Amino acid sequence: MEVFLQQLINGITLGSIYGLIAIGYTMVFGIIGMVNFAHGDVFMVSAFIALVAFLLITTFLGISSIALALFLVLIVAMLFTSLVNWTIERLAYRPLRGSFRLAPLISAIGMSIFLSNFVQLTQGPRNKSIPPMVQGEFVLFTKDGYPVTLSHKQLIIWVVTALLLACFWYLVTKTRLGRAQRACEQDQKMAALVGVDVDRTISMTFVIAAALAAVAGTMYLMYYGVVSFSDGFIPGVKAFTAAVLGGIGSLPGAVIGGILIGLIETMWSAYFTIDYKDVAAFSVLAITLIFLPQGLFGRPDVEKV
Amino acid sequence: MEVDAPVMRVDTAHALKDAAATALLAFGLFLPLVGFETITDVRNDLILTTRWPLLLAVVAVIGAGRLAYTVIIEPRLSRRALRPPAPTQAWHLRGARWFAPFAIGFVVAYPAIVIATAGFGRAVKWIDNFGIQILIYVMLGWGLNIVVGLAGLLDLGYVAFYAVGAYSYALLAKAFGLSFWILLPLAGILASFWGILLGFPVLRLRGDYLAIVTLAFGEIIRIVLINWVDLTNGYAGITGILRPTFFGIPFNADDDGFAAVFGLEFSPIYRTIFLYYLILALALVTAFVTVRLRRLPVGRAWEALREDEIACRSLGINTTNTKLTAFAMGAMFAGFAGSFFAARQGFISPDSFTFLESATILSIVVLGGMGSQIGVAIAAIVMIGGTEIMRELDFLKLIFGATFDPTQYRMLLFGSAMVLIMIWRPRGLIATREPSVVLKERKAIGADFVKEGRG
């Protein structure tokens, strides 16, 4: 029971990170129907931007308050990652809009290769590790000498994720931009006819996706304290799995799918074998798609002639 | 951005403003990762150093490039857009009669040409890195072309079957000492068996979903190869794999070796040439089988499936069997290529079978123009030959200084090339399709008429 509770806490933490990335996949897929393969690498780039920002703020500027530093790192990472993703959409995806279906996918794979190699080239191939940003933990209870703990950084991840999801939810459901996004998702031509700037809306979708990925990247850096240029691929695929599991196109589905994938992965590592944790996550993807192709919260795909 | 009327006169102020904006954007983009470098110092702490000159150089190059684009290239493009478009010319079809024999003649003569120009000693590198390496990808591209190009099933885990072929050969050769020639067909059969096994559960999926599940299967196989240490030796891989023999004559320096039997002086080049012709033969078999299959009912069913699955079902085509045969055929050729790869390297490890390989093969198929054999071959030469040639550009060191290493930029350019070729020709280099059934005369099907598969 204690082990289970502890793994539940760990799993939700990991799942929050996956969920934040998964929203990026699901939003982009919903609006332009492409799997943004580079999104995992955008997440990795954001973790590197957060790393640079963290070092800059703590060593160059000498800000010692961890809360302030973390807040600033988050803002910087979100800003610059948004800029990166906006540019990627503009350069690599927009010229291919309305083109052959596979073209954006190949373009995105090319972008993904470009981004990871760009970071390898500019920052070096070694793992980058930083001293722990946040330390300390709450001991929830102890049973038979096994303490169940919630560390401060886990709590930060929960709170930040929840706060940002609330903001994001407000953005999508209540604002003009959110309405435009939902309109474009349903019918781009019709949305354009009633005066929605489709290009701008799609750009903003990529910006929001990148901002959420940057939150995930910063949290990832804070939680693990290490990042490398190849860290984009596996979290990216798992987040996509989460998006599919929740039903692609569904925003709450992405978050719940993320948390489920995080839980499956940590539980599998705890009770079975850590070597095959990725196999567990990928098997979930395959099984979901085979038996529940529309995911948990997705709209069923209607086949038309 | 949206300039509908052609701008004949360049607005200098506007162009400068535009270039400045681009430079500013580039500054923002490259500031965190080019402007700063994280390095580990002697105390093993991570510290930050700045690289302002490099950042400024990058920003200046991008700004100048944008200015050149708006002032010189864009007016030309808009002028060209005014002219009526030339009728679609299927250059490869007009030239097809002589192109294929010429190309085959060239690749057959390639080792002789290389030896004649580069000399006996340096020829090994050119035959191995350019000849064999490119031909492996041509063969893989043609194999995947059956699945993606003909049947329209998007497969992102193709490398799994390549891995199955390689490991089948390596493990069976180690365990039972069987020869390459027995294991080559066996590896193909095992790989196609895996193709059916993995293909079966995903038949209901389409398009991107299929792509992701095949990707997941590819990763699962790689993770199993890494973790099943008892069988595969994990990350360390398998070494000392038996090399193929020339009808029982091994390529070594012994008395019964190839060189001694034929009365030649021993040189590693004989094995390289032998391997070259082996992969060439395998690739040509793949191409030949594909061309013939297109005329069989199953090949026509694949192409029909690619165009419209619902129509196929209404006509009574068994889509399950059709998809499975496509998966199995594609996997079989990957299995052949895999066992060749293991025999050529003498060493395999899971590192050779990453997602990047699948992405490379798929991009070769898509960049070449799905379904086009010649296009796939050209794309393989451009992409693989292009990245290989980066190893040879030592003269760049004279320009950029001795520490400059062009090989580091290989994958960076590879990724950029994928994006650029897609923007330039979204349907691949050869977008037209050759009809499989014709009335009276053979015409090319223009790209505009080519429907896309829904997988």
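Note that the coordinates shown come from a computational prediction; the quantities given were computed from them, not determined experimentally.

### With respect to the nonpolar core
Part 1: If you look at the biggest cluster of nonpolar residues, it comprises 228 residues, and the most contacted ones within it are A:I23, A:F37, A:Y93, B:L140, B:I348 and B:F353.
Part 2: With 19 residues, the single largest contributor to this core is helix α4 (residues 96–150) of chain B.
Part 3: Those residues in contact with A:Y93 that sit more than four places away from it in its chain are A:M34, A:N36, A:A38, A:I88, A:P104, A:S107, A:A108, A:M111 and A:F206.

### Focus on the environment of B:I430
Residues and elements named next belong to chain B.
Part 1: For I430, the location among the structural elements is in the segment after α17 (410–424).
Part 2: In this structure I430 comes out as buried when scored by relative accessible area, which is 3%.
Part 3: Separated by 54 residues in sequence, I430 and V376 place their C-alpha atoms 8.6 Å apart.

### Let's talk about the packing of helix α2 (residues 39–60) of chain A against helix α3 (residues 66–93) of chain A
Residues and elements named next belong to chain A.
Part 1: Taken N-terminus to C-terminus, the directions of α2 and α3 make an angle of 140°; their axes are 8 Å apart at the nearest point. Compared by their axis directions, α2 and α3 come out oblique. The two elements α2 and α3 cross, and the hand of that crossing is right-handed. For the pair α2 and α3, the contacting residues are H39, V42, S46, I49, A50, A53, F54 and I57 in the first and A69, L72, V73, V76, A77, F80, T81, N85 and I88 in the second.

### Let's talk about the packing of helix α5 (residues 159–176) of chain B against helix α13 (residues 319–345) of chain B
Residue and element names in this part refer to chain B.
Part 1: The interhelical angle for the contact between α5 and α13, taken along N-to-C directions, is 50°, at an axis separation of 6 Å. In terms of orientation, α5 lies oblique with respect to α13. Of the two possible hands of crossing, α5 and α13 adopt the one that is right-handed. Residue-level contacts link F161, Y162, G165, A166 and Y169 of α5 to A331, A334, G335, A337, G338, S339, F341, A342 and A343 of α13.

### Remarks on the pattern of salt bridges
Part 1: Within this structure, the stated rule accounts for 16 salt bridges over all chains.
Part 2: A:E89 is the salt-bridge partner of A:R94, the closest N and O atoms lying 3.4 Å from each other.
Part 3: Classification of A:R94 as buried rests on a relative accessible area of 19%.
Part 4: Exposure remark for A:E89: the relative accessible area of 0% places this residue in the buried category.
Part 5: B:R51 serves as the salt-bridge partner of B:E37, at 3.8 Å between the closest nitrogen and oxygen. With B:E37 in strand β1 (residues 36–40) and B:R51 in the loop between β2 (46–50) and α2 (52–82), this residue pair connects regions lying 14 residues apart in the sequence.
Part 6: Ionic contacts of the salt-bridge type, sharing partners, join the residues A:E89, A:R94, A:R97 and A:D199 into one network.

### Let's talk about the packing of aromatic side chains
Part 1: Inspection of every chain in the model, using the stated rule, returns 23 aromatic pairs over all chains.
Part 2: Among the aromatic side chains, those forming a connected cluster through ring pairs are A:F43, A:Y220, A:Y223 and A:Y224.

### Some remarks on a nonpolar patch on the surface
Part 1: Nonpolar side chains collect at one region of the surface, where A:I256, A:L260, A:I287, A:F291, A:L292, A:L296 and A:F297 lie side by side and expose about 650 Å² of accessible area between them.
Part 2: Residue position: A:F291 is located in helix α11 (residues 277–291).

### Quick word on the interface of chain A and chain B
Part 1: Contacts between chain A and chain B engage 66 residues on the former and 68 residues on the latter.
Part 2: Regarding the contact of chain A and chain B, the summed buried area is about 5,900 Å², with carbon and sulfur atoms giving 76% of it.
Part 3: On the chain A side of the contact with chain B, A:F100, A:R101 and A:I106 bury the most area, a combined 13% of that side's loss.
Part 4: Our count for the chain A to chain B interface comes out at 0 salt bridges.
Part 5: Elements that contribute at least two residues to the side of chain A that touches chain B include exactly α2, α3, α4 (102–123), β1 (128–129), α9 (233–246) and α11 of chain A.
Part 6: Here the side of chain A that touches chain B takes 16 residues from α4(A), the largest share from any one element.
Part 7: Residues that form the side of chain A that touches chain B fall into these classes: 47 nonpolar, 10 polar and 9 charged.

### A few points about the side chain of B:R410
Residue and element names in this part refer to chain B.
Part 1: Relative to the helices and strands, R410 is located in helix α17.
Part 2: The side chain of R410 sits in the buried core without any salt bridge; E388 is the nearest counter-charge, 4.1 Å away.
Part 3: Of the polar contacts made by the side chain of R410, one reaches the backbone oxygen of T387; its length is 3.2 Å.
Part 4: In contact with R410, not counting residues within four places along its chain, are T387, E388, M390 and R391.

### Regarding the pairing of β1(B)
Residue and element names in this part refer to chain B.
Part 1: Of the strand pairs in this sheet, β1 and β2 are connected by 5 bridges, and their pairing is antiparallel. Across the sheet, residue E37 finds its bridge partner in β2, namely T49.
Part 2: If you look at the hairpin formed by β1 and β2, you'll find 5 residues sitting between the two strands, and N44 has a positive phi there, around 70°.

### Quick notes on unusual backbone geometry
Outside of glycine, negative phi angles account for most residues, and trans bonds account for most peptide bonds.
Part 1: Even without a glycine there, the phi angle at B:N233 is positive, about 65°.
Part 2: The exposure class of B:N233 is partly exposed, given its relative accessible area of 40%.

### Comments concerning the environment of B:L186
Part 1: Looking at where B:L186 falls in the secondary structure, it is placed in helix α6 (residues 180–199).
Part 2: A sequence separation of 14 residues divides B:L186 from B:L172, and the C-alpha atoms of the two residues are 9.6 Å apart.

### A closer look at the side chain of A:S16
All names here are of chain A.
Part 1: Note that S16 resides in helix α1 (residues 2–32).
Part 2: Accessibility expressed as a relative area gives 8% for S16, which makes it buried.
Part 3: Aside from chain neighbours lying at most four places away, what touches S16 is I157, W158, T161 and I259.

### With respect to α13(B)
All names here are of chain B.
Part 1: An ideal rise of 1.5 Å per residue puts 39 Å on 27 residues; α13 measures up with 39 Å between its terminal C-alpha atoms.
Part 2: Of all 27 residues in α13, 23 are buried; the element is thus mostly enclosed.
Part 3: Backbone geometry just after α13 places G346 at a positive phi near 75°.

### Focus: the confidence of the model for chain B
Part 1: Counting all residues, the mean pLDDT for chain B is 83, and 89% of those residues have values of 70 or more.
Part 2: Predicted complex, confidence summary: ipTM 0.88, pTM 0.88.

### Looking at a positive patch on the surface
Part 1: Together, A:K174, A:R176, A:R179, A:R182 and A:R200 give the surface a local cluster of positive charge.
Part 2: Considering each element in turn, the positive patch owes the most residues, 3 residues, to helix α6 (residues 176–186) of chain A.

Parameters at a glance
- Counting from 1, residues in each chain are numbered in the order their sequence is written.
- Think of it this way: whatever chain is written first is A, whatever ligand is written first is 1, and the rest follow in order.
- Reporting of local features is limited, given that this is a predicted model, to residues whose pLDDT is at least 70; pairs of side-chain atoms are given and counted only at 80 or more, and all residues count toward the totals for whole chains, interfaces and linings.
- Neither water nor hydrogens contribute to the side-chain values; these are computed over all heavy atoms in the structure.
- Grouping buried Ala, Val, Leu, Ile, Met, Phe, Trp, Tyr and Cys residues that are joined through side-chain atoms within 4.5 Å yields what is termed a nonpolar core.
- Relative accessibility thresholds used throughout: buried, under 20% of the residue-type maximum; exposed, over 50%; partly exposed, between the two (1.4 Å probe, protein chains only).
- Put simply, DSSP H or I for four residues or longer makes a helix, DSSP E for two residues or longer makes a strand, and each gets a number counted from the N terminus.
- Whether two residues are in contact is decided by their heavy atoms: any pair within 4.5 Å suffices.
- Axes, fitted as lines to C-alpha atoms, cover a helix only where it is in contact. Angles between the N-to-C directions of the axes lie from 0 to 180 degrees.
- Every angle not falling under 35 degrees, over 145, or within 65 to 115 is termed oblique; those three ranges are roughly parallel, roughly antiparallel and roughly perpendicular.
- The handedness criterion is simple: a crossing whose near helix is rotated anticlockwise from the far helix by less than a right angle is left-handed, and one whose near helix is rotated clockwise is right-handed.
- Every case where a carboxyl oxygen of Asp or Glu lies within 4 Å of a side-chain nitrogen of Lys or Arg is listed as a salt bridge.
- For Phe, Tyr and Trp, rings pair up if their centres lie within 6.5 Å, where Trp contributes its six-membered ring, and each pair is then called stacked (planes under 30 degrees apart), edge-to-face (over 60) or tilted (otherwise).
- Each patch is built from salt-bridge-free residues with over 30% relative accessible area, joining like charges within 9 Å and nonpolar side chains (Val, Leu, Ile, Met, Phe, Trp, Tyr) within 5 Å.
- Here the open area of atoms and residues is found with the Shrake-Rupley method and a 1.4 Å probe, where only the protein chains shown may cover a residue.
- Buried area: the accessible area, evaluated with a 1.4 Å probe, that two parts lose upon being put together, summed over both parts.
- Under the grouping applied here, Gly and all other residues not named as nonpolar or charged are polar, the nonpolar ones being Ala, Val, Leu, Ile, Met, Phe, Trp, Tyr, Cys and Pro and the charged ones Asp, Glu, Lys and Arg.
- For the charge count, each Lys or Arg is scored as positive and each Asp or Glu as negative, with His and the chain ends excluded.
- Whenever a nitrogen or oxygen atom comes within 3.5 Å of another N or O atom, the pair is scored as a polar contact, on the condition that within protein one atom can donate a hydrogen and the other can accept it, and that pairs from neighbouring residues in sequence are kept only if both atoms are in side chains.
- Pairing between strands requires that DSSP locate at least two bridges from one strand to the other.
- An expected span of 1.5 Å times one less than the residue number is assigned to each helix.
- Known as pLDDT, the predictor's confidence for each residue is given on a scale from 0 to 100.
- To locate a charge, take NZ of a lysine, CZ of an arginine, CG of an aspartate or CD of a glutamate.

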